[in-house]
Amino acid sequence: MSKKKIIQNTLDSIIKHHGAPMYVFFILAFLYIAVSIIIRVTSGSHETISIGSSQIPIAAFAGVLSSLSNICLILLTLFFGKWGFYTALITILIQFPVIISVIIMHHNLNNLPGVFGNLLTLVTIIIIYFNNKELDAYQVRVRDQAVTDRLTGLPNRFACSELIEELTKNDERFAVVSIDINGFKSINSSMGFEAGNEVLIEIASRWKAIADTGISGTLDFITRTSGDEFVLIIRNYHSDEDIINTIRQYEAALKNRLTIDNCDFYITASFGYSEYPVDAGRGDSVFAYADAALHEVKRANSGDHILRFTPDLLKIERTIEIEGKIREALEKDTIFFNLQPQFDMDHKLRGFEALARMKDENGENINPGEFIPVAEKVGLIDKVDSAVFRKATSFFGELLEKTGADLTLSINASVRHLMKNSFIDEVRELLESSGISPDKLEIEITESIMIDSADKALKCISELQKMGVKLAIDDFGTGYSSLSYLNSFPANMLKIDKSFIDKMNSTDSSRQYVAAIISIGHIMGFEVISEGVEEDAQLTTLRTIGCDYIQGFLWGRPLSQQEAEELVMQFAGK
Ligand code: C2E
Ligand code: MG
Ligand code: MG
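The structure displayed is predicted, hence computed values, not measured ones.

K.L.:
Help me understand the overall build of the protein in this model?
P.N.:
What the protein contains, in helices and strands, is 20 helices and 18 strands. For a compact globule of 574 residues, the expected C-alpha radius of gyration is about 25 Å, and the protein comes in at 40 Å, more than 25% above that figure. Along the three orthogonal principal directions, the C-alpha set of the protein runs to about 125 × 85 × 45 Å. Each of the 574 residues in the protein was classed as buried or not, and the buried ones make up 44%. Taking the intrachain contacts of the protein between residues at least 6 apart in sequence as the baseline, contacts between residues at least 24 apart amount to 68%.

K.L.:
For this particular structure, what's the right way to read the coordination of the magnesium ion (ligand 3)?
P.N.:
In an ideal tetrahedron of four donors about a metal, each angle is 109.5 degrees. In an ideal octahedron of six donors, the angles are 90 or 180 degrees. Within the protein, the atoms that donate to the magnesium ion (ligand 3) are Asp-474 (OD), Asp-475 (OD), Glu-531 (OE) and Glu-531 (OE), at distances of 2.0 to 2.4 Å. Between consecutive donor residues of the magnesium ion (ligand 3), the sequence gaps follow D-D-x55-E. A spacing of 4.0 Å is found between the magnesium ion (ligand 3) and the magnesium ion (ligand 2), which share Asp-474 as a donor. Of this pair, Asp-475 sits in strand 15 (residues 470-476) while Glu-531 sits in strand 17 (residues 527-531), and the two are 56 residues apart along the sequence. Given the relative accessible area of 12%, Glu-531 is considered buried.

K.L.:
Would you mind going over the domain arrangement of the protein with me for this structure?
P.N.:
You'll often see interface size given as the accessible area lost when the parts meet. Along its sequence, the protein is carved into domain 1 (6-147), domain 2 (157-314) and domain 3 (317-572). One C-alpha centre belongs to domain 1, the other to domain 3, and the line joining them spans 82 Å.

K.L.:
I keep staring at the nonpolar core and nothing clicks. Help me out?
P.N.:
Nonpolar side chains in soluble globular proteins tend to be buried together. With 78 residues, the main nonpolar core has Phe-352, Phe-423, Val-427, Ile-443 and Leu-542 as its most contacted residues. The greatest single-element share of this core, amounting to 10 residues, is contributed by helix 12 (residues 381-403). Beyond its immediate sequence surroundings of up to four residues, Phe-423 is in contact with Phe-389, Ala-413, His-417, Leu-418, Ile-443, Cys-460 and Leu-464. Ile-7, Ala-175, Phe-184 and Tyr-250 belong to the second-largest nonpolar core, a separate cluster that totals 57 residues.

K.L.:
Got a minute to help me understand a nonpolar patch on the surface in this structure?
P.N.:
A grouping of Ile-49, Ile-51, Phe-61 and Val-64 is seen on the molecular surface, where their side chains present a nonpolar patch of about 330 Å² in accessible area. As for its position among the elements, Phe-61 is in the loop between strand 2 (54-57) and helix 3 (62-106).

K.L.:
I would appreciate a short explanation of the coordination of the magnesium ion (ligand 2) in the present structure.
P.N.:
Around the magnesium ion (ligand 2), the donor atoms from the protein are Glu-353 (OE), Asn-412 (OD1), Glu-444 (OE) and Asp-474 (OD), and they sit 2.0 to 2.3 Å away. Along the chain, the residues donating to the magnesium ion (ligand 2) fall in the pattern E-x58-N-x31-E-x29-D.

K.L.:
Can you help me understand the pattern of salt bridges in this one?
P.N.:
Enumeration according to the criterion identifies 35 salt bridges in this entry. We note a salt bridge from Arg-248 to Asp-304, for which the minimum N-O separation is 3.9 Å. Of the two residues, Arg-248 sits in helix 8 (residues 240-252) while Asp-304 sits in the loop between helix 9 (283-300) and strand 9 (306-308), which places them 56 residues apart along the sequence. Looking at Asp-304, the relative accessible area reads 39%, which means it is partly exposed. Among the ionic contacts, a cluster of salt bridges with common partners joins Arg-173, Asp-240, Glu-275, Asp-279 and Arg-308.

K.L.:
So what exactly am I meant to see when it comes to the sheet that holds strand 4 (residues 219-226) here?
P.N.:
Note: strands within a sheet are paired through backbone hydrogen bonds, in either parallel or antiparallel orientation. As summarised here, the arrangement of the five strands in space is 4-5-3-8-9, forming an open sheet in which the pairing is mixed. The sheet is open, and its two borders are formed by strand 4 and strand 9, each paired with just one other strand. Across the sheet, the axes of successive neighbouring strands diverge by a mean angle of 20°, strand direction being ignored. In the sheet, strand 8 (residues 269-276) pairs with strand 9 via three bridges, with the strands oriented parallel. Paired with Tyr-273 across the strands is Arg-308, a residue of strand 9. Its contacts with the sheet place helix 5 (residues 157-169) against strand 3 (174-181), strand 4, strand 5 (229-235) and strand 8, and it is angled at close to 25° to strand 5. Contacts from helix 7 (residues 193-213) reach strand 3, strand 4, strand 5 and strand 8, with the element oriented near 160° to strand 4.

Cut-offs and rules
Residues numbered from 1 in each chain as written. Chains lettered and ligands numbered in written order. Predicted model: local features only at pLDDT ≥ 70, side-chain atom pairs only at ≥ 80, totals over all residues. Heavy atoms only, no water. Helix = DSSP H or I, 4+ residues; strand = E, 2+ residues; numbered from the N terminus. Rg over C-alpha atoms; globule rule 2.2 N^0.38 Å. Buried < 20%, exposed > 50% of the residue type's maximum accessible area, 1.4 Å probe, protein only. Contact = heavy atoms within 4.5 Å. Donors = N, O, S within 2.8 Å, 3.2 Å for Na, K, Ca; no water. Domains from an automatic or database assignment. Core = buried A, V, L, I, M, F, W, Y, C linked by side-chain atoms within 4.5 Å. Patch = residues over 30% accessible without salt bridge, like charges linked within 9 Å, V, L, I, M, F, W, Y side chains within 5 Å. Areas by Shrake-Rupley, 256 points an atom, 1.4 Å probe, with all protein chains shown as cover. Salt bridge = Lys/Arg side-chain N within 4 Å of Asp/Glu carboxyl O. Pairing = 2+ DSSP bridges. Axes fitted to C-alpha atoms, helices over the stretch in contact; angles between N-to-C directions.

Shown next as structure tokens:
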């Protein structure tokens, strides 16, 4: 294949003008022939047909039919460009000698209007054809510009997505490779934009040479999508090895130094790829997955600059994204909290649990079920805890002072937070600054604390107890619950996890299981609260089996500060 061919051919095929379908051509041609035959047959006829009360000679329809046949020729030119025009032109030119010879030989001037009609059609199709030709040339120019990157002359992002759309439509197998030039920003900032552009042009021309000559052994389409980002689409390969081989050739093309303005540049690039339909069944996901692989290559910063997408990468991507949002929220101090009410079984307000909340840049809440585990994983949970501690105690202190209500504030403490040497001091300071009495503050910890670091946790917990602060064991039943440590755990409250409440009414044994937890809790001197109570039937059961408190959507969802205050006022007025 000659140079320039592969990319240009692919471009031509994705931007080709989609004219009218071929069957329209045949319908128009057939109509034209049929009408011409009818004209021939009827023009010599002396018969008449009756329409209403009048008798009309059949020959009179010849004019209408002849106009119809001319319209067919005009439509052919309009819809089928060059082919339509030449078909119409030849048809008209063949007719002239026939009609004129009939006029001369039979001295029959009846056909004269037909000659004028044909002449008019001839002029019309010539005008249409030349006008369309100009328009087409203009359209091709505009289309070419729309699919070409101005700086490098490579196809651009639009061409890239068009090709992907076309390939997915045909269900053809292909790989998308996202490419990023390593350290390009520093070339731009140290050498200036002009030099940066020269570098991009040189890289593009090396890669274009590979794609156009097909020396990689695969069918490649290289595009520049933005800045220093390129996308390579690979087709006609047999295995993953073929894909990697091709990518390695593009990587190798950068090995020779680039000299621009007498400066030598040693360029490397990172490549992340994914395959359709193996990794992703949709065009936009195959793109996004290749990007995810590319980001991982850049993040890992290892020796190998090529990576294939795996589903794990999506989790890594999302974790990194959420981590960034948490860091930003901590920096800007925008972490906030909701307060979920807790009630006794007579629907008397016991207090609230403070739950951490965070919004993204669009003001949408990020699910705590997503950001809390990330904060735990990346070691930021103690900072999130502290933010909620600080803000919730300050709000709650003021609320108690304002309303004189007798309520408890529960806050969640992570293992990481509790294990900090400064934890006790932090709690002490917050109690002082907020004015909350220690017995109105309850700290929720999970069973895992006892398993992970029992000694230190126990020391910390007894310190809190000495201060008069209450302790709750959160999500009870989900960890490795052991009666022996529960016995030695100086807590005040047991929180039965929602998962037990969910299935409590489904079988008798599930109900008995919850009843047993409540009994054991009571034997050990704890009060018991059930989490996630959503239905009346659950409430009824919990009343019969002796639960002390409930927390759940049935009586109260997590509330904003203002809503919580209104609820407190409402209960104070009861
Ligand atoms: P958790 O401490 O067990 O909190 C209860 C969770 O159950 C909350 O979810 C609450 O919105 C939800 N919930 C309560 N009642 C119902 C109900 O009836 N139906 C349903 N479907 N859900 C209910 P949220 O706010 O998503 O919090 C999830 C977990 O995140 C919390 O579980 C807690 O372990 C953790 N968390 C929240 N805030 C903090 C914090 O400030 N620090 C720490 N370390 N963890 C926190
Ligand atoms: Mg909790
Ligand atoms: Mg819980």
